[in-house]
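Below are the chains, spelled out letter by letter.
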Amino acid sequence: MLSALERFAPLPLQESWDNAGLQVGLTETEVSGALLCLDVTEKIVDEAIRKGCNLIVSHHPLLFRGLKTISDLTDVQRTVMKAIREGICVISMHTNMDNAQGGVNYRIAQKLGLQNAGFFASKTVDGIEAGSGVIGELPEAMASDDFVIAVKKIFGVECAMCNELLRRPIRKVALCGGAGDFLLDEALKAGADAFITGEMHYHQYFGYEQQIQICVIGHYQSEQYTAEIFEEIIRQNCPGVKTEMAETCTNPILYL
């Protein structure tokens, strides 16, 4: 299963700071079931145990950097301990899945119904075309307020953070799931009318009035459909393996 996931999103596509791939466990473990999620927490491990899954496939890595201690001091350490104790493997497909053809950003574009979707900040890694963001066109142009309402509905967003509403129709949409504010200028250069991402720094909202519609919907919300990609890969390549979508919401941010 690990090889199937890595064929779809090869590890060389990940960013230099990332730590995708096998996080915890043995590579030859026979899989009883795979729990698919965005983040790995103790509650996610508990859900895997309840559902009889000895594999967790997440988007965000459990381990970003090495651990000097494995104890009960932090959430990450407790989660690692519990996974090892219960014989649960953890695999994470992070920025390699973001940068892959058909990966996270293509799934966001699909949810939005974008046509002619493709990378707008592409690069070649080991002979593979990759990119951090995707751009495409809406089937029909939309007024900016209708566009924001539609995005909120599709992603179940309670509050979208936007700059001044654009006073022209929106047709061309660029996007980057998660923390994608580094692509805002690239989106503008690509001719996008709107840019959707999960996080953006305060000062980056300035200076784009009536140039591009910024729509920030939350890191978790923007990447919530990633588990669907995992499910499709596993069902296609490992049809006998049970897959379960995580029901535990791991979004640490509350909107009050």
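The preceding data block contains the structure.
The following refers to the structure shown. Everything numeric in this text was worked out from a predicted model, so none of it was measured.

**Side note on unusual backbone geometry**
Stage number 1. Of note in this structure, asparagine 116 is not a glycine but carries a positive phi near 55°.
Stage number 2. On the secondary structure map, asparagine 116 appears in strand E5 (residues 115-119).
Stage number 3. One non-glycine residue, glutamine 210, lies in positive phi territory at about 65°.
Stage number 4. Following the sequence through the fold, glutamine 210 ends up in the loop between strand E11 (194-199) and strand E12 (213-216).
Stage number 5. Note on glutamine 210: relative accessible area 24%, which makes it partly exposed.

**A short note on the nonpolar core**
Stage number 1. In this structure, Phe147 and Ile196 are the most contacted members of the largest nonpolar core, which totals 47 residues.
Stage number 2. Ignoring sequence-local partners within four residues, the contact set of phenylalanine 147 consists of Leu138, Met142, Ile170, Val173, Ala194 and Ile196.

**Examining the pairing of strand E4 (residues 89-92)**
Stage number 1. Where burial is concerned, the two faces of E4 agree: the one with Cys89 and Ile91 and the one with Val90 and Ser92 are both buried.
Stage number 2. When strand E1 (residues 21-24) meets E4, the two strands line up antiparallel, connected through three bridges. Counted as the bridge partner of valine 24 is valine 90 from E4.
Stage number 3. Following the backbone out of strand E3 (residues 55-58), through helix H3 (residues 75-85) and into the adjacent parallel E4, one traces a crossover that is right-handed.

**Observations concerning helix H5 (residues 104-112)**
Stage number 1. The buried fraction of H5 is high, at seven of nine residues.
Stage number 2. For H5, the complete set of buried residues consists of Val104, Asn105, Tyr106, Arg107, Ile108, Ala109 and Leu112.

**A word on the sheet that holds E3**
Stage number 1. Read across the sheet, five strands follow the order E1-E4-E3-E2-E13 without closing on themselves; strand pairing throughout is mixed. Of all strands in the sheet, those bounded by a partner on one side alone are E1 and strand E13 (243-245). Adjacent strand axes in the sheet meet at a mean angle of 25° when their direction is disregarded.
Stage number 2. Pairing of strand E2 (residues 34-37) with E3 involves four bridges; the strand directions are parallel. Residue pairing in the sheet places leucine 35 in a bridge with isoleucine 56 of E3.
Stage number 3. Here helix H2 (residues 42-50) sits on the sheet in contact with E2, E3 and E13, set at roughly 150° to E2.
Stage number 4. Across the sheet, helix H9 (residues 226-237) lies against E2, E3 and E13, angled at about 150° from E2, the strand it touches most.

**A few points about the sheet that holds E11**
Stage number 1. Read across the sheet, six strands follow the order E5-E8-E10-E11-E12-E9 without closing on themselves; strand pairing throughout is mixed. Both outer strands of the open sheet, E5 and strand E9 (161-162), are each paired with one neighbouring strand and no more.
Stage number 2. Relative to strand E8 (residues 134-142), E5 runs antiparallel, the two sharing three bridges. Paired with phenylalanine 119 across the strands is valine 134, a residue of E8.
Stage number 3. Contacts from H5 reach E5, E8, strand E10 (170-179) and E11, with the element oriented near 140° to E10.
Stage number 4. Seen against the sheet, helix H6 (residues 144-155) touches E8, E9, E10, E11 and E12 and runs at an angle of roughly 120° to E8.

**A look at the pattern of salt bridges**
Stage number 1. Within the structure shown, the criterion is met by twelve salt bridges.
Stage number 2. Arginine 107 is the partner of glutamate 232 in a salt bridge, and the nearest nitrogen-oxygen pair spans 2.8 Å. One end of the pair, glutamate 232, is in helix H9; the other, arginine 107, is in helix H5, with 125 residues separating them in the sequence.
Stage number 3. Here glutamate 232 falls in the partly exposed class, since its relative accessible area comes to 44%.
Stage number 4. Accessibility expressed as a relative area gives 7% for arginine 107, which makes it buried.
Stage number 5. Connected through salt bridges with shared partners, the residues Glu42, Asp46, Arg78 and Lys82 form a single ionic network.

**Focus: H9**
Stage number 1. The terminal C-alpha atoms of H9, which comprises twelve residues, lie 17 Å apart, in line with the 16 Å expected from a rise of 1.5 Å per residue.
Stage number 2. Where H9 is concerned, the buried positions are Thr226, Ala227, Ile229, Phe230, Glu231, Ile233 and Ile234.

**Some points on the state of the cysteines**
Stage number 1. Tallied over the entire structure, the rule returns zero disulfides.
Stage number 2. This cysteine, cysteine 37, is not joined by any disulfide, and cysteine 53 carries the nearest cysteine sulfur, 10 Å off.
Stage number 3. Cysteine 162 forms no disulfide, and the closest cysteine sulfur to it belongs to cysteine 215, at a distance of 4.1 Å.

**Describing the environment of lysine 189**
Stage number 1. In this structure, lysine 189 sits in helix H7 (residues 184-189).
Stage number 2. A relative accessible area of 67% places lysine 189 in the exposed class.
Stage number 3. Separated by 142 residues in the primary sequence, lysine 189 and glutamate 47 place their C-alpha atoms 44 Å from one another.

Basis of the calculations
Residues numbered from 1 in each chain as written. Predicted model: local features only at pLDDT ≥ 70, side-chain atom pairs only at ≥ 80, totals over all residues. Heavy atoms only, no water. Helix = DSSP H or I, 4+ residues; strand = E, 2+ residues; numbered from the N terminus. Buried < 20%, exposed > 50% of the residue type's maximum accessible area, 1.4 Å probe, protein only. Core = buried A, V, L, I, M, F, W, Y, C linked by side-chain atoms within 4.5 Å. Contact = heavy atoms within 4.5 Å. Pairing = 2+ DSSP bridges. Right-handed = clockwise from strand over helix to strand, strands pointing away. Axes fitted to C-alpha atoms, helices over the stretch in contact; angles between N-to-C directions. Salt bridge = Lys/Arg side-chain N within 4 Å of Asp/Glu carboxyl O. Expected span 1.5 Å × (residues − 1). Disulfide = S-S within 2.5 Å.

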